[in-house]
Amino acid sequence: MRGPSHLAPRTPHLIPMTQRTIITHAQVYTANPDQPHAQAVVVEGNKIVFVGSNSDAQAYHTSGSQHVHGRGQTLMPGFIDSHFHLLWGALGLGEIDLESVRSLDALRQTIHAALHDHANMPWVVGCGLRYSVPSASEPLTRHHLDAIVSDRPFIITAYDYHTMWANTAALQLADILHGGETGPNSVIVLDKAGQATGELREPGAYNQLLAHQPTPSDAAQRALLQQGLALCASLGITSVHNMDGNMAQAQQYAALADAGELTLRVYLPYDITPETPFDALATEAIALRDAFPRDEQGALVRAGFVKFFMDGVLESYTAALLAPYADRSETSGDFLFSAAQFNEMATEADRLGLQIAVHCCGDAAVRRTLDGYAVAQRRNGRRDSRHRVEHIELIHVDDVPRFAELGVLAAMQPLHAPLMHLDDSDVWPSRAGENRWANSFAWRTLQEAGAQMPFGSDWPVVSPNPLAGLFAAQNREPWGSEGDEHFRLDRTAVLANYTRVAAYAEFQEGHKGQIRPGYLADLVLLSADLLAVPATELGEVTAVWTMCDGRVVFER
């Protein structure tokens, strides 16, 4: 099973909200361009009431005040992760962690160790596996899995959640051993004899298998969510943009909030698939938004946007590219939505005032999505829509300026980019090919072209640690002949993307994402002066104290 690597999973210990908290002697990074730095911050209830000097903060001292000494360390707005899967990630904490597995032998040992401790599990479920097992040239098959577990269903989810591998027992249970119907851009991979190899690409291929998997009880889900929340609090995360959602999931988070157990703010969408009826936008998506209004200041659970998947991922050849894959020239990937269907759905969502977020890894998917936003803008008129493109792992140079021109946000995740292309465990660079490296994960190119760029993690795809994301954005190595800086970003720009810009991406720039009077008291105190730490040592910085909505939700 898996849990936070640096913190044993536990239920958050909540320190009750005090009337007044005074933090002094800190290096305050405010993310407020009008007052970038300060020494002290005062919180009253769930709001910031003062930002300034240590001496001026003393005027707020009362006998009942809680005092926090900053010790010269960075105090900053709580991190806002702009691409997150809270429930998925939390449920994954109860699965067998395969993130560090790099060989078949290691896979076998890890699974057998888990079975030794949990011999009676009806299904064996692992997650987080890289595509390089057994090797970059040899795909994992049901026969590999059968040699490890054959007496019950055994499934493994790839680290990106776009591919699943299943043993023979699982394929037989789902009646897909000889193939079956799948959704668009989804594949049950078959061998020459017409039998499933065990590789299932995209949810349209593996959802029918998951329909047979036992569902955790409500109590088990709640316990795992509490572990996930504890992890987030320990990392200084005070808000997430959840990139999957519906009314049931929103109610799950609302129940935690009502019980005082929700230790961060959640902004979640209504999921749109190719099968979603057109009228669901005006009914179900609007009902979710009205039940959890986007504009409700200070609410812990909010809705008001819709989420599409335009393509898959390069690792499984399901990302839509403008030219064929470098290592498989017979394919350029595919789309989940036709241009006509997406244009109609996007135009209607925009007309209804719903924000739109679209998963796009390939450059063709990015272009089709931007084209759809342009159609919506022509039909409905320009408005403050703040539509988003998620991931943008590849982009064509002609599409770079369109983000600023259309007012579209480029939501990206620093940890998605391989730090160095020679990492044998990551097949991404070889899928794209060297001629596309200059347009891969082009953070700086997009930011310099005027795109607003909220940052996130895409947990559980990668670590949710924002400081690991900061490390990646500052230490990414050139893959080829590019200059040493490649697409590295200025440190304060990265911090703004995790705070002020991320708040803007959810229409909350007037309430959070900055340390300024009147803003919500969502704060994190770090273990060092973040702006003074060398780039290569950023991975050693941790959160030591986290406050959300005026409550201390983590204290190391």
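The structure displayed is predicted, hence computed values, not measured ones.

Things to note about empty space enclosed by the protein
Piece 1. Enumeration according to the criterion identifies 1 cavity of 30 Å³ or more in this entry.
Piece 2. For the largest cavity, the full set of lining residues is D81, L415, G456, S457, V462, S463, P464, N465, P466, G469 and Y498.

Focus: the packing of helix α7 (residues 218–234) against helix α8 (residues 247–258)
Piece 1. Interaxial distance between α7 and α8 falls to 12 Å at its minimum, and their mutual angle equals 70 degrees. If you check the angle between α7 and α8, you find them roughly perpendicular. Residue-level contacts link Q221, R222, L225 and L229 of α7 to Q252, Y253, A255 and L256 of α8.
Piece 2. A breakdown of the residues in the contact of α7 with α8 according to their chemical character gives 5 nonpolar, 2 polar and 1 charged.

Here we look at the pairing of strand β17 (residues 301–309)
Every regular strand shows the same layout, with side chains that alternate between the two sheet faces.
Piece 1. The buried fraction of β17 amounts to 8 of the 9 residues, a majority that puts the element mostly inside the structure.
Piece 2. Bridge count between strand β16 (residues 265–271) and β17: 6 bridges; the pairing is parallel. Across the sheet, residue P269 finds its bridge partner in β17, namely F305.
Piece 3. For the crossover from β16 across helix α9 (residues 281–291) to β17, the handedness is right-handed.

Considerations on the packing of helix α10 (residues 339–351) against helix α11 (residues 363–380)
Piece 1. One way to put it is that α10 packs onto α11 with a least axis distance of 8 Å and a crossing angle of 50 degrees. Of the possible angle classes, the one that applies to α10 and α11 is oblique. As α10 packs across α11, the resulting crossing turns out to be right-handed. Contacts between α10 and α11 involve A339, F342, N343, E344, A346, T347, D350 and R351 on the former and, on the latter, R368, T369, D371, G372, Y373, V375, A376, R379 and N380.
Piece 2. In the contact of α10 with α11, the residues fall into 6 nonpolar, 5 polar and 6 charged.

Some thoughts on the sheet that holds strand β3 (residues 37–38)
Piece 1. As summarised here, the arrangement of the 6 strands in space is β3-β2-β7-β21-β22-β23, forming an open sheet in which the pairing is mixed. Bordering the open sheet on either side are β3 and β23 (551–555), each of which pairs with just one other strand.
Piece 2. Pairing of strand β22 (residues 543–548) with β23 involves 4 bridges; the strand directions are antiparallel. Each bridged residue has a counterpart across the sheet, and for M547 the counterpart in β23 is V552.

So, the confidence of the model for the protein
Piece 1. Per-residue pLDDT for the protein has a mean of 94; in total, 95% of the residues score no lower than 70.
Piece 2. Below a pLDDT of 50 lies the segment residues 3–13, which in the model reaches 24 contacts outside its immediate sequence neighbourhood of four places, other chains included.

Focus on the pairing of β22
Piece 1. Of all 6 residues in β22, 6 are buried, a share of seventy percent or more.
Piece 2. For strand β21 (residues 523–526) and β22, the ladder comprises 4 bridges, and the chain directions are antiparallel. In the sheet register, L525 faces β22, and the bridge partner there is W545.
Piece 3. As consecutive antiparallel partners, β22 and β23 are separated by 2 residues, and within that stretch D549 has a phi angle of approximately 60 degrees, a positive value.

Some words on the pattern of salt bridges
Piece 1. Counted by the stated rule, this structure contains 24 salt bridges.
Piece 2. If you follow the salt bridges from partner to partner, you end up with R367, D371, D399 and R402 in one network.

Some thoughts on the sheet that holds strand β14 (residues 196–201)
Piece 1. Spatial strand order, β9-β10-β11-β12-β14-β13: 6 strands in an open sheet with mixed pairing. The strands lining the two open edges of the sheet, one partner per strand, are β9 (96–97) and β13 (187–190).
Piece 2. Here strand β11 (residues 154–158) pairs with strand β12 (residues 163–166) via 3 bridges, running antiparallel. Directly across from T157, in β12, lies its bridge partner M164.
Piece 3. Most of the contacts of helix α6 (residues 203–210) go to β12, to which it runs at about 45 degrees, and overall it touches β11, β12, β13 and β14.

Some thoughts on the nonpolar core
Piece 1. Residues I111, V306, F403, W443 and L446 are the most contacted members of the largest nonpolar core, which totals 132 residues.
Piece 2. Looking at which element gives the most residues to this core, the answer is α11, with 6 residues.
Piece 3. Setting aside anything within four residues of it in sequence, one finds F403 in contact with V366, L370, V389, I392, I395, V408, L409, A410, L446 and A451.
Piece 4. V43, I48, A521 and L525 belong to the second-largest nonpolar core, a separate cluster that totals 19 residues.

Digging into the side chain of S239
Piece 1. Inspection of the secondary structure assignment puts S239 in strand β15 (residues 237–242).
Piece 2. Using a relative accessible area of 1% as the deciding quantity, one classes S239 as buried.

A short note on unusual backbone geometry
Piece 1. Residues V133 and P134 are joined by a peptide bond in cis, for which omega reads 5 degrees.
Piece 2. Here P134 lies in the loop between β10 (124–129) and α4 (142–146).
Piece 3. With a phi close to 55 degrees, R386 is a non-glycine residue in the positive phi region.
Piece 4. With respect to the helices and strands, R386 occurs in the loop between α11 and β19 (388–391).
Piece 5. With a relative accessible area of 7%, R386 lands in the buried category.

A few points about the packing of aromatic side chains
Piece 1. Using the criterion set out here, one finds 17 aromatic pairs in the structure.
Piece 2. With 6.1 Å between their ring centres and 80 degrees between their planes, Y131 and Y159 make a pair best called edge-to-face. Taken together, the positions of Y131 in the loop between β10 and α4 and Y159 in the loop between β11 and β12 put the pair 28 residues apart, joining distant regions of the chain.
Piece 3. Aromatic ring contacts, followed pair by pair, group F79, W443, F455 and Y498 into a single cluster.
Piece 4. Cation over ring: R130 sits above Y159, and NZ or CZ is 4.0 Å from the ring centre.
Piece 5. In this structure, R302 is placed above the aromatic ring of Y267, and the distance from its NZ or CZ to the ring centre is 4.8 Å.

Comments concerning the environment of L107
Piece 1. With respect to the helices and strands, L107 occurs in helix α3 (residues 104–117).
Piece 2. Relative accessible area serves as the criterion here: at 0%, L107 is assigned to the buried category.
Piece 3. Considering only alpha carbons, one finds L107 and P134, 27 residues apart in sequence, at a separation of 9.3 Å.
Piece 4. Beyond its immediate stretch of four places on either side in the chain, L107 contacts L98, V101, L140, I148 and I156.

Procedures and definitions
- Residues numbered from 1 in each chain as written.
- Predicted model: local features only at pLDDT ≥ 70, side-chain atom pairs only at ≥ 80, totals over all residues.
- Heavy atoms only, no water.
- 1 Å grid on protein atoms, 1.4 Å probe; cavity = no way out; pocket = protein on both sides within 12 Å on 5 of 7 lines; lining within 4 Å.
- Points joined across faces, edges and corners; volume = space filled by probe spheres on them.
- Axes fitted to C-alpha atoms, helices over the stretch in contact; angles between N-to-C directions.
- Helix = DSSP H or I, 4+ residues; strand = E, 2+ residues; numbered from the N terminus.
- Parallel < 35°, antiparallel > 145°, perpendicular 65-115°, else oblique.
- Contact = heavy atoms within 4.5 Å.
- Nonpolar A, V, L, I, M, F, W, Y, C, P; charged D, E, K, R; others polar.
- Buried < 20%, exposed > 50% of the residue type's maximum accessible area, 1.4 Å probe, protein only.
- Pairing = 2+ DSSP bridges.
- Right-handed = clockwise from strand over helix to strand, strands pointing away.
- Left-handed = near helix turned anticlockwise from the far one by under 90°.
- pLDDT = per-residue confidence, 0-100.
- Salt bridge = Lys/Arg side-chain N within 4 Å of Asp/Glu carboxyl O.
- Core = buried A, V, L, I, M, F, W, Y, C linked by side-chain atoms within 4.5 Å.
- Phe/Tyr/Trp six-rings, centres within 6.5 Å; stacked < 30°, edge-to-face > 60°.
- Lys NZ or Arg CZ within 6 Å of the ring centre and 35° of its normal.

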